[in-house]
Amino acid sequence: MCGIVGYTGINQALPILMDGLEKLEYRGYDSAGVYMNDGVEEDLVREVGRVKDLEAVVDKMEIKGTAGIAHTRWATHGKPTVNNAHPHKSNDGRYYLVHNGVIENFKELREEYLSDIEMHSDTDTEVAVQLIGKFAQEGFSTFDALRLMLSKLDENSAYGFLLVDSKEPDMMYVAKSKSPLLIGLSEDGNVVASDATAVLNVTNTFLELHDGDIAVVEKDKVTLFDKDGKQFEREPFILDIDPSQAEKGTYPFYMLKEIDEQAIVTRNLIEHYFIDGMPQIDQPIVDAIKYADRLYIVAAGTSYHAGLQGRRMFEELVGIPTEVHISSEFAYDMPLLSKKPFFIFLSQSGETADSREVLERVNKLGYKSLTIANVMNSTLTREATFSLPLLAGPEVSVASTKAFTSQIVVEMILASAIAGGQTELQDQLSKLAVDMQVVIDAKDKLKEIADKYLLNAKNAFYIGRGADADLTVEAALKLKEISYVQAEGFAAGELKHGTISLIEDGTPVFAIITNKSTAGLTRSNLMETEARGAKAFTIVTSDLAKSGDDIVIPAVENPLLSPLLAVIPTQLLAYYTSLGKGFDVDHPRNLAKSVTVQ
Ligand code: F6R
């Protein structure tokens, strides 16, 4: 989704802003812009397309100055055009604003307050900056005009605002609600960013902003205010991320790097969560889950698919009935809850708006919850009763890979700890990390299959039973989202009840087979597709392999862990298909990394 970066300090701002925008590229966007003002001259540059397109224009200009704001926009209100790109300015040219989020009542506000003002874009953001301009003309100070504008937004609106008054260009005004925004502090100046990774080269010391907070950021000082305008102080925190973790290094795309990192991430999780061979989870979390009569796992997309795998772990190891729900549905179509429900939110970003909406409702109902997320200090981790880290390191590629596997590992550790701790789990996970590397190292075979059978495929299928059926949905999502091949994940036995009519000559069908009791049945279902012209492939564990199988992966002692290996070939197939088709693997069309709108 959209990204924000701003700087005021003693250094030249433009390199910091452009570097920040590049770091935010992974979030997905379709236009970018920057506003700089050195006290004498000002520049507003906006471009449709990539950050490098903006850079090409900016490079030709001699933009100087030690303060500025910049933005990448993922279109929600109005097409990706220069006029709709941020920063937006007030008609008198005094105020410049960038915004992440959605102003739900922007049309009403435009009609009520701005009917005499000419608008230059289709965006909700322009309404906000025009309102500030109007209130300032009526005599309000910039700070009060901003607060007055905020008071007009309806409660469903989400915003991270970064505002500059061109009369005091060294000063940035910041406001946040339901959309991530942080202030970074450094000796040489202060930064504002929607994502810490954008400014890790400047600082690792941050001030967290909570919903309703307003801040005035100057080069040597930051002043915080609550929503009533009352000043307060908050301790900064140090973010312990090595900036090089977010670099691509020699990899052509982040996605391949992140697939490769899955073994090491699993090892990091073992190191973090085990002491003397036993899984460690804080007792209040264990107690809260043990007290529950039903678990509700709530998540979106790939995280939802990790939840499908978690269900089995909580039911088999802990014995608590567990439901898994898509967050965008759960918020507005909640099932009848049990008497003592407990909610588990899974999220890479910790900012997914659909999941946040559910958590808000859960909090209002007074129920306890746990967020398992990769980005700690994110909204979902802050607003849940408890949180646990995924420790996957920055996941930059839009398509989630290592966050998926780390979610499954943490679910397993959690379920095992609640069940009293399985002494063998640490060894099983350590062996699995080694086996992950084995599967990853066998990339070439997957590239070969992708190049030969998927580059020109119109559609493709993954089939499986049980945990493998749940995994097919993730496998298909990965293929769809980055290679644009229409793909479906299916319970193998269900195919013949209708969908098999889509099989044509050469349609690739991949069967995932990791379970002994259903291996024969899945093979039969695969043969049924082959008999109708499909090009059939098997992804099978070595203990169940037969001659002629295509992708043989190491056998996994604990069946609950088998998705951790079986998913890797499917990630690589998606990666090589996208690569072979010449797509920008890390930035698939229409998608954003962190989906902060509902
Ligand atoms: C797919 C993908 C998305 C996310 C989904 C939820 O590769 O990344 O489906 O899984 O948008 O995002 P998080 O996990 O950040 O809540």
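Check the entry above for the structure.
Visitor: Please clarify how the pattern of salt bridges should be interpreted in this entry.
Guide: Between side chains of opposite charge, a pair can form as their charged atoms come close. Counted under the stated rule, the structure contains 25 salt bridges. Glu-62 serves as the salt-bridge partner of Lys-64, at 3.9 Å between the closest nitrogen and oxygen. Here Lys-64 matches Glu-62 in class, with each residue exposed. With a closest N to O distance of 3.0 Å, Glu-261 and Lys-257 form a salt bridge. By relative accessible area, which is 11% here, Lys-257 ends up buried. Three or more residues are tied together by salt bridges with common partners; here these are Lys-257, Glu-261 and Lys-402.

Visitor: Hey, could you run me through the site of the ligand in this one?
Guide: Contacts to the ligand come from 14 residues, most closely from Ser-303, Ser-347, Ser-349, Thr-352 and Glu-481. A distance of 2.7 Å is found between an oxygen atom of the ligand and a backbone nitrogen or oxygen belonging to Gln-348. A distance of 2.5 Å is found between an oxygen atom of the ligand and a side-chain nitrogen or oxygen belonging to Glu-481. A total of 400 Å² of accessible area belongs to the ligand in isolation, and the protein chains cover 91% of it. Those elements giving two or more residues to the shell around the ligand turn out to be helix H9 (301-318) and helix H16 (467-483). With 3 residues, the top contributor of residues to the shell around the ligand is H9. For the shell around the ligand, the residue count by class is 4 nonpolar, 8 polar and 2 charged.

Visitor: What is the right way to look at the nonpolar core in this model?
Guide: Burial of nonpolar side chains together is a common tendency in soluble globular proteins. Grouped together as the largest cluster of nonpolar side chains are 86 residues, with contacts concentrated most on Ile-289, Ile-344, Leu-370 and Leu-414. Split by domain, this core shows at least three residues from each of two domains, domain 2 (251-439) and domain 3 (442-586). Discounting chain neighbours no more than four positions away, the residues touching Ile-289 are Leu-295, Ile-320, Phe-342, Ile-344, Leu-370, Leu-414 and Ile-418.

Visitor: Looking at this model, I keep getting lost on the sheet that holds strand S12 (residues 214-218). Mind explaining?
Guide: What links the strands of a sheet is backbone hydrogen bonding, and the strands pair in either a parallel or an antiparallel sense. Sheet architecture is open: 7 strands sit in the order S5-S6-S7-S8-S12-S13-S14, paired in antiparallel fashion. Single-partner strands in this sheet number two, and they are strand S5 (88-89) and strand S14 (231-232). Two strands pair when backbone bridges link them, and strand S6 (residues 95-102) and strand S7 (residues 158-165) are joined in this way by 8 bridges, in the antiparallel orientation. Across the sheet, the residue bridging to Leu-97 is Leu-163, located in S7. Its contacts with the sheet place helix H4 (residues 124-137) against S5, S6 and S7, and it is angled at close to 140° to S6. Packing of helix H5 (residues 142-152) onto the sheet brings it into contact with S6, S7, strand S8 (172-177), S12 and strand S13 (221-225), and relative to S7 it is tilted by some 160°.

Visitor: Can you help me understand the packing of helix H13 (residues 402-418) against helix H14 (residues 425-441) in this one?
Guide: In helix packing, the relevant descriptors are the interaxial angle and the interaxial distance, both defined with respect to the helix axes. For the pair H13 and H14, the least separation of the axes is 11 Å and the interaxial angle reads 170°. As judged from the angle between their axes, H13 and H14 are roughly antiparallel. Relative to H14, the crossing made by H13 is right-handed. Where H13 abuts H14, its residues Thr-405, Val-409, Met-412, Ile-413 and Ser-416 lie against Leu-425, Leu-429 and Met-436. Taken together, the residues of the contact of H13 with H14 sort by class into 6 nonpolar, 2 polar and no charged.

Visitor: Just to check I follow, could you spell out empty space enclosed by the protein for this structure?
Guide: In this approach, a probe sized like a water molecule rolls over the atoms, and the result shows the empty space that is left. If you walk through the whole model with that rule in mind, you get 2 cavities of 30 Å³ or more. Space inside the largest cavity adds up to approximately 60 Å³. Considering the residues around the largest cavity, the lining is formed by Cys-2, Arg-73, Trp-74, Thr-76, His-77, His-86, His-99, Gly-101, Thr-123, Asp-124 and Thr-125. Mapped onto the lining of the largest cavity, the elements with two or more residues apiece are S6 and H4. Classifying every residue of the lining of the largest cavity by side-chain character gives 2 nonpolar, 7 polar and 2 charged.

What counts as what
- Residues numbered from 1 in each chain as written.
- Predicted model: local features only at pLDDT ≥ 70, side-chain atom pairs only at ≥ 80, totals over all residues.
- Heavy atoms only, no water.
- Salt bridge = Lys/Arg side-chain N within 4 Å of Asp/Glu carboxyl O.
- Buried < 20%, exposed > 50% of the residue type's maximum accessible area, 1.4 Å probe, protein only.
- Near = heavy atom within 4 Å.
- Polar contact = N/O pair within 3.5 Å; in protein donor to acceptor, adjacent residues only side chain to side chain.
- Areas by Shrake-Rupley, 256 points an atom, 1.4 Å probe, with all protein chains shown as cover.
- Helix = DSSP H or I, 4+ residues; strand = E, 2+ residues; numbered from the N terminus.
- Nonpolar A, V, L, I, M, F, W, Y, C, P; charged D, E, K, R; others polar.
- Core = buried A, V, L, I, M, F, W, Y, C linked by side-chain atoms within 4.5 Å.
- Domains from an automatic or database assignment.
- Contact = heavy atoms within 4.5 Å.
- Pairing = 2+ DSSP bridges.
- Axes fitted to C-alpha atoms, helices over the stretch in contact; angles between N-to-C directions.
- Parallel < 35°, antiparallel > 145°, perpendicular 65-115°, else oblique.
- Left-handed = near helix turned anticlockwise from the far one by under 90°.
- 1 Å grid on protein atoms, 1.4 Å probe; cavity = no way out; pocket = protein on both sides within 12 Å on 5 of 7 lines; lining within 4 Å.
- Points joined across faces, edges and corners; volume = space filled by probe spheres on them.

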